[in-house]
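Here's the letter readout for the chains.
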Amino acid sequence: MERPIVIYTVVYIALFVSHIVAAANDWNILFRVIASVITIQTFFAGLILHKLGGNALHARIPVILLGAGLGYVYSGMNIRLEIIFFIIFAIILQYGTEKGLKYGELAENNNG
């Protein structure tokens, strides 16, 4: 298993457990901050893996599943049509990330 995937997964699990602890102890502000970070980490999985030195393509399937889970949570733990919007949004961001990273850095760096 690649190191960036392990780092991403460990951080995601730690945040997930932390948000459960924060909710159980009624630490509302901490809960909201952690939930926001989890949301950002879910939607930008490919970019985060790339920044950690991994391959953004490894986030293709997980981003669909994580987006579905996030949609389920934000729809009040009910199966609703809203879940599809979370999945589509996650796929669009992943696609955009892959296309944006395809071109890499500029061929030459101009100072002015």
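So, here's what we can say about the structure. (Residues numbered from 1 in each chain as written. Predicted model: local features only at pLDDT ≥ 70, side-chain atom pairs only at ≥ 80, totals over all residues. Heavy atoms only, no water.)

## A closer look at the overall build of the chain
Item 1. A tally of helices and strands in the chain yields 5 helices and 0 strands.
Item 2. For the chain, the N- to C-terminal ordering of α and β elements is α-α-α-α-α.
Item 3. Looking at the 112 residues of the chain, the share that counts as buried comes to 28%.
Item 4. A separation threshold of at least 6 residues defines the contact pool for the chain, and within that pool the share at least 24 residues apart is 56%.
Item 5. For the chain, the exposed area adds up to about 7,900 Å²; of that, 68% sits on carbon and sulfur atoms. (Helix = DSSP H or I, 4+ residues; strand = E, 2+ residues; numbered from the N terminus. Buried < 20%, exposed > 50% of the residue type's maximum accessible area, 1.4 Å probe, protein only. Contact = heavy atoms within 4.5 Å. Areas by Shrake-Rupley, 256 points an atom, 1.4 Å probe, with all protein chains shown as cover.)

## Some words on the packing of helix 4 (residues 60–74) against helix 5 (residues 82–102)
In a packed pair of helices, the relevant descriptors are the angle between the two axes and the axis-to-axis distance.
Item 1. Relative to each other, helix 4 and helix 5 sit at 145°, their axes nearing to 8 Å. When the axes of helix 4 and helix 5 are compared, the crossing they make is right-handed. Taken together, the residues of helix 5 that come into contact with helix 4 (itself represented by Arg-60, Val-63, Ile-64, Gly-67, Ala-68, Leu-70, Gly-71, Tyr-72 and Tyr-74) are Glu-82, Ile-83, Phe-86, Ile-87, Ala-90, Ile-91, Gln-94 and Glu-98.
Item 2. Its residues assigned to classes, the contact of helix 4 with helix 5 comprises 11 nonpolar, 3 polar and 3 charged. (Axes fitted to C-alpha atoms, helices over the stretch in contact; angles between N-to-C directions. Left-handed = near helix turned anticlockwise from the far one by under 90°. Nonpolar A, V, L, I, M, F, W, Y, C, P; charged D, E, K, R; others polar.)

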